[in-house]
Amino acid sequence: MSSDFSPAYVYQAPKGRRGGRGAGRGALESPLCRRCGVRTGPGSWRGPGPTFIPGDVVVPVANCGVQEYNSNPKEHMPLRDYITYWKEYIRGGYSSPRGCLYLKDWHLCRDFPAAAEDVFTLPVYFSSDWLNEFWDALAVDDYRFVYAGPAGSWSPFHADIFRSFSWSVNICGRKKWLLFPPGQEESLRDRHGSLPYDVTSPALCDTHLYPRGRLACPPLEVTQEAGEMLFVPSGWHHQVHNLDDTISINHNWVNGFNLANMWRFLQQELRAVQEEISEWRDSMPDWHHHCQVIMRSCSGINFTEFYHFLKIIAEKRLLVLGEAAARDGAGLGFEQAAFDAGRITDVLASLVAHPDFQRVDTSVFSPRPEELLQRLRKAVAATSAP
Ligand SMILES: O=C(O)CCC(=O)C(=O)O
Ligand SMILES: [Fe+2]
């Protein structure tokens, strides 16, 4: 797999440092591009192509030492300042009064579209990526991230957004992943039903706090080496520790294989919101609408936006199927479009039948959901016609 991936940045190991924290490749020491041999200037990041990432680009940085709910507080700072901090952190023996800061969820491709092409080529295995296809169509956002942090930085226990798949490639450094198959997280809930922040915490052995902790299987532990790619299946909870100074590229993505998981997750999210505010169900006007609003702010999406997501992908697939029919042949991408259309049809049928979606005013949607469903069904039937 690594041959499909073109890491633009390779960092030379500082001489004489082997073993221990930050061992292996020093992410900040004399960065050298393997493809063109370009060394970066201080506080900036130069790719092999014409793109130059300026040091004053503002990046999101989490403080790994501070728990805020089940996550870490984030601040924003210029990349140059983060690199300066990181070098000082290494010089200070992997310690700083500012704590352990982790540059994470940096939308490098969104911020520097030209850099995306310089930095890497998307492996074909991960190219059916509807979340990024959707956001690219709207030119608003993406789910393509860069993570960079010193040895000891880590990401708390979580499952990925919308129960998407994720892939991660280490440009340099190593990560330890603790992975739990779907459902295992239930045994890790505390007596209030909350999931842990840190699955390595000794508190999990306290049966008073975590009554079902003993039932939990040990996690699948994987060490991801430099240059290796890791695939996280849909719905697997995980916690990730950087064993060295590490830089990685991580994408979240959804396609026809996990779309049903995303839809199941959204229904669960809505049910959870409805339970939470059930006492106002009869007294609050527009209670159902408020549930959708809360759901959007907690989960990042509501039923209307989910319809919009399905619509954008469905219309693109219908176009491919229509063009292929007009050419009277199966062109490139026909099989993929037919498969995708089939999966969208099933989930859209379920969405259209959902009582909470039926409360949404869809009269302004173009096309109306029922109409889109009909078009999809016709196109799918045509693909399987003899
Ligand atoms: O590398 C990390 O710190 C977290 C990555 C992650 O959670 C993911 O790719 O899903
Ligand atoms: Fe994750």
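What comes next is a walk through the structure. Nothing here was measured: the structure is a model prediction, and the numbers come from that model. (Residues numbered from 1 in each chain as written. Chains lettered and ligands numbered in written order. Predicted model: local features only at pLDDT ≥ 70, side-chain atom pairs only at ≥ 80, totals over all residues.)

Concerning the nonpolar core
Across soluble globular proteins, you tend to see nonpolar side chains buried next to one another.
(1) Moving on: Core analysis: the biggest nonpolar cluster contains 70 residues, and Tyr-82, Leu-103, Ala-341 and Leu-376 have the highest contact counts within it.
(2) Moving on: Here this core spans two domains, and each of domain 1 (2-181 + 217-253) and domain 2 (259-384) adds at least three residues to it.
(3) Moving on: Sequence-distant contacts of Leu-376, that is, excluding residues within four places in its chain, are made with Ala-314, Ala-341, Ile-344, Thr-345 and Leu-348. (Core = buried A, V, L, I, M, F, W, Y, C linked by C-beta atoms within 7 Å. Buried ≥ 20, exposed ≤ 12 C-beta atoms within 10 Å, placed from the backbone. Domains from an automatic or database assignment. Contact = placed C-beta atoms within 7 Å.)

Describing the site of ligand 1
(1) Moving on: Around ligand 1 lies a shell formed by Tyr-147, Ser-155, Asp-160, Ser-166, Ser-168, Lys-175, Val-232, His-238, Val-240, Ser-248 and Asn-250.
(2) Moving on: Only β10 (165-172), β14 (237-242) and β15 (246-253) provide two or more residues apiece to the shell around ligand 1.
(3) Moving on: When the residues that make up the shell around ligand 1 are grouped by side-chain class, the tally is 3 nonpolar, 6 polar and 2 charged. (Near = placed C-beta within 6 Å. Helix = DSSP H or I, 4+ residues; strand = E, 2+ residues; numbered from the N terminus. Nonpolar A, V, L, I, M, F, W, Y, C, P; charged D, E, K, R; others polar.)

What about the sheet that holds strand β7 (residues 101-106)?
(1) Moving on: Read across the sheet, 7 strands follow the order β6-β5-β7-β8-β15-β10-β13 without closing on themselves; strand pairing throughout is antiparallel. The two strands at the open ends of the sheet, each matched to only one other strand, are β6 (74-78) and β13 (229-232). Put simply, the sheet's adjacent strands are angled 25° from each other on average, direction ignored.
(2) Moving on: Where strand β8 (residues 144-149) and β15 come together, 6 bridges link them in antiparallel fashion. (Pairing = 2+ DSSP bridges. Axes fitted to C-alpha atoms, helices over the stretch in contact; angles between N-to-C directions.)

What about the environment of Cys-217?
(1) Moving on: Structurally, the position occupied by Cys-217 is in the loop between β11 (175-180) and β12 (220-224).
(2) Moving on: We classify Cys-217 as exposed; it has 9 C-beta atoms within 10 Å.
(3) Moving on: Here the alpha-carbon distance between Cys-217 and Glu-185, two residues 32 residues apart in the chain, equals 9.4 Å.

Here we look at the sheet that holds β11
(1) Moving on: Here we have 4 strands laid out as an open sheet, ordered β9-β14-β11-β12, and antiparallel in their pairing. Single-partner strands in this sheet number two, and they are β9 (154-158) and β12. Within this sheet the neighbouring strands show an average axis-to-axis angle of 15°, counted without direction.
(2) Moving on: Where β11 lies against β14, 6 bridges are found, and the strand directions are antiparallel.

Things to note about helix α1 (residues 79-91)
(1) Moving on: For α1, with 13 residues, the first-to-last C-alpha span of 18 Å sits near the 18 Å given by 1.5 Å per residue.
(2) Moving on: Within α1, burial applies to Leu-79, Tyr-82, Ile-83, Trp-86, Tyr-89 and Ile-90. Taken around the axis of α1, the buried residues stretch over an arc of 120°, which confines them to a single face. Exposed residues lying more than 90 degrees from the buried face of α1 are Glu-88 and Arg-91.
(3) Moving on: Looking one or two places after α1, you find Gly-93, whose phi comes out positive at around 70°. (Expected span 1.5 Å × (residues − 1). Arc of directions from axis to C-beta.)

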